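Next come the chains, spelled out residue by residue.
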Amino acid sequence: MLHWLTSLIGGKRAGQTPASEKLPCFHCGDLVKRRRVVHVQFDGAARIVCCHGCEAILKTVEQMGMQQQYREQKRQAAASHDE
Ligand SMILES: [Zn+2]
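Residues numbered from 1 in each chain as written. Predicted model: local features only at pLDDT ≥ 70, side-chain atom pairs only at ≥ 80, totals over all residues.

Student: Help me out: how do you make sense of helix α2 (residues 52-64) in this one?
Tutor: Quick reminder: α-helices carry 3.6 residues per turn. Residues three or four places apart thus point the same way. The terminal C-alpha atoms of α2 lie 18 Å apart, and with 13 residues this matches the ideal 18 Å at 1.5 Å per residue to within 8%. Every buried residue of α2 is listed here: Cys54, Glu55 and Leu58. The buried residues of α2 all sit within an arc of 105° when viewed along its axis, so they share a single face. Exposed side of α2, more than 90 degrees from the buried face: His52, Gly53, Thr60, Gln63 and Met64 are the residues found there. One or two steps after α2, the chain reaches Gly65, where phi turns positive at roughly 70°. (Helix = DSSP H or I, 4+ residues; strand = E, 2+ residues; numbered from the N terminus. Expected span 1.5 Å × (residues − 1). Buried ≥ 20, exposed ≤ 12 C-beta atoms within 10 Å, placed from the backbone. Arc of directions from axis to C-beta.)

Student: Would you mind going over helix α3 (residues 67-80) with me for this structure?
Tutor: The end-to-end C-alpha separation of α3 is 20 Å, in line with the 20 Å expected for 14 residues at 1.5 Å each. A small share of α3 lies buried, amounting to zero of its 14 residues.

Student: Please clarify how unusual backbone geometry should be interpreted in this entry.
Tutor: One can expect most non-glycine residues to show negative phi and most peptide bonds to be in trans. One non-glycine residue, Asp43, adopts positive backbone phi at about 55°. By the secondary structure assignment, Asp43 is in the loop between β3 (38-42) and β4 (45-49). In this structure Asp43 comes out as partly exposed when scored by C-beta crowding, with 13 C-beta atoms within 10 Å.

Student: Sorry if this is basic, but what is going on with the pairing of β3 here?
Tutor: Along any regular strand, the residues point their side chains to alternate faces of the sheet. As judged from the five bridges shared by β3 and β4, these two strands associate in the antiparallel manner. In the strand pairing of β4, His39 is matched with Ile48. The loop that links β3 with its antiparallel partner β4 comprises two residues; one of these, Asp43, has a positive phi angle of about 55°. (Pairing = 2+ DSSP bridges.)

Below you can see the structure in the form of structure tokens.
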């Protein structure tokens, strides 16, 4: 979880965005090519997701006002994925 974050920041610092660059989906974490990402407004910020399925999930969470529960679930999932 941490290394995609640092590679994302590192890529920004380098100021280069190659067409083959892949970004992690905000929802499921799948890597998706930059030109194929789907943008969705969620929890007060623009998020990047891999497909319209993930977009629909985030929109639903947003509509139901369950962003806090979503964040909490993500944190727990990330913790359990730690090595
Ligand atoms: Zn996804």
